[in-house]
Structure formats: structure tokens, C-alpha cells
Amino acid sequence: MTADINEGSVPSYYREVHQAICSRTDERVPLSVFQRVLSRTSLSVTVQNQIAEHVNSGDGFLSKVSLYKGLALIALAQQGKPPSPKLLENFIQEFPKPQLGEPKELQSLKMQTVQESPLNLSLTLGELLKKDTIKVELIPEKKGLFLKHVEYQVTSECFTVSVYRRYTDFDVFHELLLQRYAYRVVPALPPKRALKGVLTSMSEREFIEGRRRALGRFLNLVARHPVFSEDELVKTFLTFSGSDVQTKLRDACKKLGDEFMTCKYATQAKDYLPADIQSQFSSSRELIKNIHNSFQKLRDRAERMAERSKENATDLLMFGKELSSLGSDESPVPILASCKSPWAALRRSVKGLSVEFSLLSEKAAQQGRREEDDVVEKLNLFLDLLHSYRDLCERHEKGVLHEHQRALQKYGVMKRQILSATVQPKEQVSVEQLESRIVQQENAIQVMELRSYFSLFCLHQESQLIFTYLPITSHILGAFVNSQVQGHKEMGEVWQNLHSKLKSIFGDGNGQSPPLSPK
């Protein structure tokens with residue numbers, strides 16, 4: 001049926017709409033104008049996007065026929081039928097008329113400037129990564145032989161400045177971020193653990209290094225967040241070099257208040273939310289949960305591979321040391337009556353092989369560090385973001401929605417009390433006090449409703465942020481493959497040199513090893 005769509009096969013309303021929204025010089029309709037037509041319908045955002053996808057030719061314009069298809073899909077969708085090109089192919093009746101109003105009312109749509117909804121995040125992953133890069137370096141302060149505390153040097157490329165922070169500074173900063181941005185993905189801090197005695201155990205060193213890495217990931221996620229990156233609180237933490245940064249941070253937070261009080265869209269959030277926001281949130285949350293589980297497994301495997309590379313480095317080093325020890329044995333070789341042993345002449349050569357194994361150990365250790373820095377660390381960065389999204393969803397359900405429900409229950413109790421006071425008259429003062437409390441509770445409920453919608457508004461944006469970060473998968477896979485290629489190439493060269501060396505020492509002229517057992 002779609003091939004038969006033309007001027008004569010559609011209702012006159014279709015032609016009138018086309019005349020209303022096309023330009024005088026071009027019968028094509030800009031896709032942006034058609035999207036504004038879609039926004040006038042009562043259809044959900046998901047259905048609107050499906051219709052736009054079905055008629056979009058990829059060049060930003062709709063032909064006259066494509067517009068007719070779009071209008072037909074709108075009309076059928078308004079009748080409750082899922083939009084699909086096959087729906088038009090099998091349609092044998094006259095196309096229905098979409099509910100869009102009078103064609104003359106649509107003329108203004110082609111004159112409107114495109115205004116991006118504040119609900120949508122238009123940033124790409126590349127743009128987020130360019131916002132800033134934070135480096136966190138460990139600076140232990142030693143007093144005698146005892147480590148009193150750990151200090152970090154925090155360097156921001158954006159602000160081109162370095163400041164010094166302790167873990168307690170991070171802790172206060174994190175707490176204030178949660179207060180100010182309760183409806184956003186605030187990454188968690190690594191666990192705090194008191195140092196015990198002299199820092200000598202390897203496990204303690206590994207813990208401190210892991211915490212340093214986690215603090216770096218935390219700051220990079222915060223500094224690259226489209227909302228946090230513009231906040232005075234973040235700028236203060238990254239740039240203030242005074243003696244009491246915690247007081248400075250608390251003062252800034254008191255001055256700013258929470259995001260609901262400062263965001264210009266807070267009280268109008270409901271107007272920007274799509275009608276099916278709850279179903280969109282549920283489907284996004286389930287998908288992100290599955291992504292989280294998969295990335296956690298990828299990270300675990302990557303950690304094991306990096307650990308195996310380190311273990312391989314240790315084994316190769318010990319193998320070389322044993323060869324060196326074997327070749328260094330100066331014990332005299334007894335001369336047997338039946339044969340003359342070549343061992344005395346070969347000992348020095350065996351000892352020399354330990355050089356190659358030491359080099360192989362070094363290359364394997366480098367491979368482990370590359371896997372840890374380039375692959376595991378990137379996976380952990382994304383996992384930190386996914387963890388914070390999960391925590392945000394829990395805060396939304398247990399925080400805003402729960403408080404809203406409690407406020408409604410309290411309001412119901414007050415209403416029953418005022419009704420009881422009406423039936424059984426009490427002192428006038430107590431009734432007036434109760435009425436005053438009801439008015440206050442009504443105002444509180446109104447604020448809670450606005451906060452609930454604003455929380456959904458922020459959740460929708462944070463869901464988009466997760467999907468904006470998803471292309472980091474290509475960065476991770478690229479780093480993993482490059483690491484393997486480089487590691488195998490470097491080790492292959494050393495193994496090849498070792499192979500050539502062995503041929504000259506033990507070979508039988510063709511590089512073949514002697515058989516382990518008779519054929």
C-alpha cells in the first residue's frame with residue numbers, strides 16, 4: 001500500500017498539512033518540523049521516536065510521500081496500533097485523519113526555532129572526557145619511622161592547579177555533594193581504614209594504592225559530570241589551597257543549598273517529563289542492571305589476567321635465577337671412565353640464559369601493569385558510575401517517594417482529626433491549630449510532589465549519562481587488544497632471541513631438541 005501513497009490516495013487533510021508545513025521553495029519537510037508535529041500528538045515519546053525513525057531518510061528531510069506515511073502512522077497510532085511500515089502495506093481502507101488540529105495552526109511550526117528540551121543531555125562521551133582529567137598522587141608524610149597520615153596531591157588539567165588533600169577532605173566533599181545533589185549519581189568513596197603501625201606489609205601498601213586509584217576515579221567522574229562540573233563546590237575542592245578546605249566547602253554548600261532550590265527547571269520538571277516516564281525508567285533501570293552485571297564479570301576476568309601476568313613475571317624471574325644458580329655451581333665434574341661429560345663447558349652458557357629470562361620477567365610485569373592501568377582501571381571507572389546509578393535509584397525509591405507517602409499519610413490523619421473535631425466540637429483554639437497544621441502539611445505535600453517530579457527529571461538525565469558513557473566499551477576493548485598485541489610482540493622478540501641462543505648452545509644443527517624417549 002505504501003507504494004500507492006500519492007496525492008490522490010490520501011485524504012485532503014494530508015495535503016493541507018503538507019502545504020502548511022513545507023517551505024515555499026521546497027516541497028520537502030525538515031525532520032525537525034515533523035518532530036514538532038509529533039509533539040502535538042498525545043502519543044508517548046517512545047511511539048513518537050518510532051514513527052520518526054520509520055520515515056527518516058537520513059538527510060534531515062521528509063519527502064511529500066514520507067510525510068504522508070508519517071501522518072498515516074500518527075493516525076493509526078492514535079487508534080492504538082503500534083507504528084510499523086508493514087501496517088501501511090496491509091492497509092486497504094482509506095487512511096484515517098490524524099488528530100493534529102487545523103492545518104493553519106501548524107504553519108507556525110516551521111517558523112519555530114529548535115529548542116532542545118532541558119531534559120535531554122546532548123553531550124557525547126568525547127565531550128565529557130574533555131571536561132577535565134584529574135590526577136591523584138600519593139604523598140605520605142613521615143615522622144620518624146611511623147606513617148601518621150596519607151596526603152594526596154590532586155591535579156586538575158582544567159584549572160591547571162595542584163592542591164593537597166587528606167582522606168577526610170574527600171569524605172566531607174562527598175557528604176556535601178550528596179546533600180546538594182541527592183537526585184544525581186554521586187560516586188561512592190573507597191572505604192576508610194586506619195593505618196596500623198609502620199607501613200611494611202604488602203597488603204597495606206596494596207590497599208593504599210587501591211584507595212588512591214579509587215579516589216582518582218571518583219574525582220574524574222565528578223569533574224566530568226555535566227552538572228557537577230559547573231558547580232562552585234567542585235571548583236572549590238579542586239582549586240582552594242587554603243589551610244581549612246573543609247570549612248570552605250561547608251560554607252559554599254550552605255550558600256548554594258540543594259539542587260532543587262537552585263535549578264530553574266525544578267518547579268516545572270513535570271512539564272518536561274514524557275507521559276510514560278515510569279515505564280521508561282523501569283526499562284532503563286533493568287537494562288543498566290544487566291550491563292552492570294556483565295561489566296562486573298568482565299572486570300573480574302581482566303583482574304585475573306593482570307594477576308596472571310604478574311605471576312608469570314615472578315615465575316620467569318625465578319626460572320632464570322635457578323638457571324643462574326645451576327650455572328654458577330663450581331663443583332668439580334668427575335671424569336667417568338666410560339664418557340667425558342660436556343657439563344663443565346656448558347655451565348657458563350646455562351648461566352648466561354638467565355639474562356633472557358630476567359628480561360622476559362620484566363616484559364611480563366609490564367604487561368600486567370598495562371592490563372591493570374589501561375583495562376582494569378577503565379572497567380572500574382565505568383563500574384563506579386554504574387554503582388552510583390544503582391544507589392541513586394534506591395535513594396529515589398526509599399527517599400523521595402517514601403517521604404512523599406509519609407507526608408500523605410500524615411495529612412490523612414490530620415483530616416480525620418479535623419472531621420472528628422467537627423462532629424464532636426472541641427475548644428476553638430485546638431481546631432484552629434489543627435487547621436493551621438493541615439495548611440502547612442498541604443504545602444509540604446505540594447513541595448514533596450514537586451521534588452518527586454524533579455527526582456524523576458534528574459533520574460532521566462542520569463540514565464542518559466550512563467548510556468553516554470557506554471561507548472567507553474570501545475576504549476576498553478581497544479586498550480585490551482593493544483595491550484595484548486604489544487605484550488606478545490615484546491615477549492616474542494625475547495623468546496626468539498632465546499631460541500637462537502639455544503640453537504647455538506644445545507642445537508643439533510637444525511634447532512631440534514633431543515627426543516624425550518626413544519622412538
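Everything discussed here concerns the structure shown above.
Computed from a predicted structure; not experimentally measured.

Turning our attention to the layout of surface pockets. Roughly 760 Å³ of volume is contained in the second largest pocket. Forming the walls of the second largest pocket are 27 residues, and the residues nearest its centre are Glu-206, Gly-210, Arg-213, Glu-303 and Asn-380. Elements with a minimum of two residues in the lining of the second largest pocket: helix H9 (202–223), helix H14 (277–328) and helix H16 (354–423). Here the lining of the second largest pocket takes ten residues from H9, the largest share from any one element. For the lining of the second largest pocket, the per-class residue count stands at eleven nonpolar, three polar and 13 charged. Each of domain 2 (125–194 + 202–262) and domain 3 (298–332 + 342–504) gives at least three residues to the lining of the second largest pocket.

Bringing unusual backbone geometry into the picture now. Phi angles above zero are rare outside glycine, and Thr-160 is one such case at about 45 degrees. Checked against the element boundaries, Thr-160 lands in the loop between strand S4 (146–156) and strand S5 (161–166). The class for Thr-160 is exposed, based on a relative accessible area of 68%.

Looking now at the pattern of salt bridges. Overall, the coordinates contain 21 salt bridges when judged by the stated rule. As a salt-bridge pair, Arg-184 and Glu-462 come within 2.9 Å of each other at their nearest N and O atoms. Here the residue Arg-184 occupies a position in the loop between helix H8 (167–180) and H9, and Glu-462 occupies one in helix H17 (residues 428–469), the gap between them amounting to 278 residues. Note on accessibility: Arg-184 and Glu-462 belong to one class, buried. Between Glu-356 and Lys-501 there is a salt bridge whose closest N-O contact spans 3.2 Å.

In the contact formed by helix H3 (residues 45–55) and helix H4 (residues 64–78), the axes pass within 9 Å of each other and the chain directions differ by 155 degrees. Considering their axes alone, H3 and H4 lie roughly antiparallel with respect to each other. Seen along the crossing, H3 lies across H4 with a hand that is right-handed. Of H4, the residues touching H3 (which contributes Val-47, Ile-51, His-54 and Val-55) are Ser-66, Lys-69, Gly-70, Leu-73, Ile-74 and Ala-77. The class makeup of the residues in the contact of H3 with H4 is six nonpolar, three polar and one charged.

Once that is clear, we can look at H8. Over its 14 residues, H8 runs 20 Å from end to end, which matches the ideal 20 Å to within 8%, given 1.5 Å per residue. Those residues of H8 that sit buried are Tyr-167, Asp-169, Phe-170, Val-172, Phe-173, His-174, Leu-176, Leu-177 and Arg-180.

With that settled, the discussion passes to the nonpolar core. Tyr-14, Ile-21, Phe-34, Ile-51 and Phe-95 are the most contacted members of the largest nonpolar core, which has 35 residues in total. Secondary structure elements with two or more residues in this core: helix H1 (12–21), helix H2 (31–39), H3 and H4. Element by element, the count of residues in this core is highest for H4, at nine residues. When neighbours within four sequence positions are excluded, Ile-51 is seen to be in contact with Phe-34, Leu-38, Leu-43, Gly-70, Leu-73, Ile-74, Ala-77 and Pro-83. Counting residues in hydrophobic clusters, the runner-up holds 31 residues, among them Tyr-167, Leu-176, Phe-207 and Ala-252.

To continue, consider the side chain of Glu-371. When you line up the elements, Glu-371 lands in helix H16. One buried charged residue, Glu-371, forms no salt bridge at all, with the nearest opposite charge on Arg-370 at 7.5 Å. Beyond its immediate sequence surroundings of up to four residues, Glu-371 is in contact with Met-305, Ala-306, Ser-309, Val-376, Ser-483 and Gln-484.

Here we take up the packing of aromatic side chains. By the definition in use, this model includes 15 aromatic pairs. An angle of 50 degrees between the planes, with centres 6.3 Å apart, marks the rings of Tyr-14 and Tyr-68 as tilted. Here Tyr-14 is found in helix H1, whereas its partner Tyr-68 is found in helix H4, with 54 residues between them in sequence. As far as the burial class goes, Tyr-14 and Tyr-68 line up, both buried. Seen from their ring centres, Phe-173 and Phe-218 are 6.1 Å apart, and the 80 degrees between their planes marks the pair as edge-to-face. Of this pair, Phe-173 sits in helix H8 while Phe-218 sits in helix H9, and the two are 45 residues apart along the sequence. For Phe-173, a relative accessible area of 1% translates into the label buried. Positioned above the aromatic ring of Phe-61 is the side chain of Arg-28, whose terminal nitrogen or guanidinium carbon lies 4.0 Å from the ring centre. The ring centre of Phe-237 lies 5.1 Å from the NZ or CZ of Arg-165, which sits over that ring.

Calculation rules
Residues numbered from 1 in each chain as written. Predicted model: local features only at pLDDT ≥ 70, side-chain atom pairs only at ≥ 80, totals over all residues. Heavy atoms only, no water. 1 Å grid on protein atoms, 1.4 Å probe; cavity = no way out; pocket = protein on both sides within 12 Å on 5 of 7 lines; lining within 4 Å. Points joined across faces, edges and corners; volume = space filled by probe spheres on them. Helix = DSSP H or I, 4+ residues; strand = E, 2+ residues; numbered from the N terminus. Nonpolar A, V, L, I, M, F, W, Y, C, P; charged D, E, K, R; others polar. Domains from an automatic or database assignment. Buried < 20%, exposed > 50% of the residue type's maximum accessible area, 1.4 Å probe, protein only. Salt bridge = Lys/Arg side-chain N within 4 Å of Asp/Glu carboxyl O. Axes fitted to C-alpha atoms, helices over the stretch in contact; angles between N-to-C directions. Parallel < 35°, antiparallel > 145°, perpendicular 65-115°, else oblique. Left-handed = near helix turned anticlockwise from the far one by under 90°. Contact = heavy atoms within 4.5 Å. Expected span 1.5 Å × (residues − 1). Core = buried A, V, L, I, M, F, W, Y, C linked by side-chain atoms within 4.5 Å. Lys, Arg positive; Asp, Glu negative; His and termini not counted. Phe/Tyr/Trp six-rings, centres within 6.5 Å; stacked < 30°, edge-to-face > 60°. Lys NZ or Arg CZ within 6 Å of the ring centre and 35° of its normal.

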